[in-house]
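Secondary and tertiary structure notes
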Amino acid sequence: QVQLVESGGGLVQAGGSLRLSCAASGLTFSRLAMGWFRQAPGKEREFVASISWGSSTTYYRDSVKGRFTISRDNAKNTVYLQMNSLKFEDTAVYFCAASRALSTVPELFNSWGQGTQVTVSS
C-alpha cells in the first residue's frame, strides 16, 4: 500500500488552468502506475488519465484529450495533472490513485488519495 495526498485544487474561471499534484509515500512509487479520477455530486467516479511507471504510456478519457496532461516525477514521488482550458463540466473532486499495472478502471487501483476539489466557474 502507498499513501497518496492530492493538492492544487481550487476555484478557477472557465478557460483557466490548474495543476494538481499527488504526493506518494513509499519507496515503490516508481514501480506503480498512477491515475487520476474524478467524481461529481450524484455521479459515479470516472476515469480521467493514467500513466505507466516509466511515463512511456498515458491514457486519457476523450473529453479531456488535448486539454489535460498527466506526468510524473519519480525522484520526487509525485504525479501531476496539468489541466488547461477548463470547462464547467470539469467541476468535481479529483482523486489520485495507484495500481500495479497501467489501467483505466477504478477497480484495478488499490490505493487512493483523499481527493481535492476543482470548481470551474462559468
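Notes on the structure in this doc start here. (Residues numbered from 1 in each chain as written. Predicted model: local features only at pLDDT ≥ 70, side-chain atom pairs only at ≥ 80, totals over all residues. Heavy atoms only, no water.)

The subject of this paragraph is the state of the cysteines. Under the defined criterion, the tally for this structure stands at one disulfide. Between Cys 22 and Cys 96 runs a disulfide, and the two sulfur atoms are separated by 2.1 Å. Here the disulfide of Cys 22 and Cys 96 is left-handed, its torsion about the S-S bond being about -85°. Of this pair, Cys 22 sits in strand 3 (residues 18–24) while Cys 96 sits in strand 9 (residues 92–99); the two residues are 74 residues apart in sequence, bridging distant segments of the chain. For Cys 96, a relative accessible area of 0% puts it in the buried group. (Disulfide = S-S within 2.5 Å. Helix = DSSP H or I, 4+ residues; strand = E, 2+ residues; numbered from the N terminus. Buried < 20%, exposed > 50% of the residue type's maximum accessible area, 1.4 Å probe, protein only.)

Turning to the pattern of salt bridges, a few remarks are in order. All chains considered together, the criterion is met by five salt bridges. In this structure, the salt-bridge partner of Asp 90 is Arg 38, at a minimum N-O distance of 3.0 Å. Highlighted residues: Asp 90 in the loop between strand 8 (78–83) and strand 9 and Arg 38 in strand 4 (residues 33–39), separated in sequence by 52 residues. The partner of Arg 67 in a salt bridge is Asp 90, with the nearest N and O atoms 2.8 Å apart. With Arg 67 in the loop between strand 6 (58–60) and strand 7 (68–73) and Asp 90 in the loop between strand 8 and strand 9, this pair connects stretches of sequence that are 23 residues apart. In this structure, Arg 67 and Asp 90 share a single accessibility class: buried. (Salt bridge = Lys/Arg side-chain N within 4 Å of Asp/Glu carboxyl O.)

Let's shift gears to unusual backbone geometry. Despite not being glycine, Asn 77 shows a phi value in the positive range, around 55°. As for its placement among the helices and strands, Asn 77 is situated in the loop between strand 7 and strand 8. Positive phi, normally seen in glycine, also occurs at Ser 85, with a value near 50°. Here Ser 85 is to be found in the loop between strand 8 and strand 9.

A separate point is the packing of aromatic side chains. Within this structure, the stated rule accounts for four aromatic pairs. With a centroid separation of 5.0 Å and an interplanar angle of 80°, the aromatic rings of Phe 37 and Phe 109 are classed as edge-to-face. With a gap of 72 residues between them, Phe 37 in strand 4 and Phe 109 in the loop between strand 9 and strand 10 (111–112) connect regions that are remote in the sequence. For the pair formed by Phe 37 and Phe 109, the shared burial category is buried. When the ring centre of Phe 95 is taken as origin, the NZ or CZ atom of Arg 45, which lies over that ring, is 3.9 Å away. Across the ring face of Trp 112, the terminal group of Arg 45 is positioned such that the distance to the ring centre comes to 4.8 Å. (Phe/Tyr/Trp six-rings, centres within 6.5 Å; stacked < 30°, edge-to-face > 60°. Lys NZ or Arg CZ within 6 Å of the ring centre and 35° of its normal.)

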